[in-house]
Amino acid sequence: MKRTKFSQHLWCLRTFNEIAYDHETKRLYIFLFTGAMIEFQQVPEADVFQLVISNQKEEMIEQFKLSFPTIIHRGKRTISV
């Protein structure tokens, strides 16, 4: 699984700048600056593509939290949302 890193300054990102997507399981991973990771399940590839090209990445992540099963990994703790 490849990771994609965005320029924090170019995209005006405040909470993350790196994502990864597993095509086989349709899982999207967002790596937060806090060290936590958000895992979205059942995310279509088209939605990931929209995230990559969007000027409003932070807002899209908030929409994903409402649209897809979400797991937040904080160190050794995992929280299902």
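Let us look at the structure shown here. (Residues numbered from 1 in each chain as written. Predicted model: local features only at pLDDT ≥ 70, side-chain atom pairs only at ≥ 80, totals over all residues. Heavy atoms only, no water.)

Thoughts on the overall build of the protein
Our working rule: Secondary structure is summarised from DSSP: a helix means a run of H or I of at least four residues, a strand means a run of E of at least two, and numbering begins at the N terminus for each. Put simply, the radius of gyration uses C-alpha atoms, and a globule should come to 2.2 Å times the residue count raised to 0.38. Each residue gets one of three labels from its accessible area relative to the maximum for its type: buried under 20%, exposed over 50%, partly exposed in between, using a 1.4 Å probe on protein chains only. Note on contacts: a residue pair is in contact if any heavy atoms of the two residues lie within 4.5 Å. For this count, His and the chain ends are skipped, Lys and Arg are scored as positive, and Asp and Glu as negative. Lysine's charge is taken at NZ, arginine's at CZ, aspartate's at CG and glutamate's at CD.
Counting its regular elements, the protein contains 2 helices and 6 strands. Reading the helices (α) and strands (β) of the protein from amino to carboxyl end gives β-β-β-β-α-α-β-β. Computed over C-alpha atoms, the radius of gyration of the protein comes to 12 Å, within 12% of the 12 Å expected from 2.2 N^0.38 for 81 residues, which places it in the range of a compact globule. Structurally, the protein occupies a C-alpha span of about 30 × 25 × 25 Å along its principal axes. Classification of the 81 residues of the protein by burial places 40% in the buried group. The long-range share in the protein, meaning contacts at least 24 apart out of those at least 6 apart in sequence, stands at 35%. Side chains of the protein carry 11 positive and 9 negative charges; the gap between the two charge centres is 7 Å.

A short note on the nonpolar core
What tends to happen in soluble globular proteins is that the nonpolar side chains get buried as a cluster. Defined as follows: What makes a nonpolar core is a set of buried Ala, Val, Leu, Ile, Met, Phe, Trp, Tyr and Cys residues whose side-chain atoms join them at distances within 4.5 Å.
If you look at the biggest cluster of nonpolar residues, it comprises 17 residues, and the most contacted ones within it are L28, I30, F40, L51 and F64. Counting only elements with at least two residues in this core, the list comes to strand 2 (16-22), strand 3 (27-32), strand 4 (37-40), helix 1 (45-53) and helix 2 (57-67). Excluding anything up to four places from it in sequence, I30 contacts F16, E18, I19, A36, M37, I38, F40, L51 and I61.

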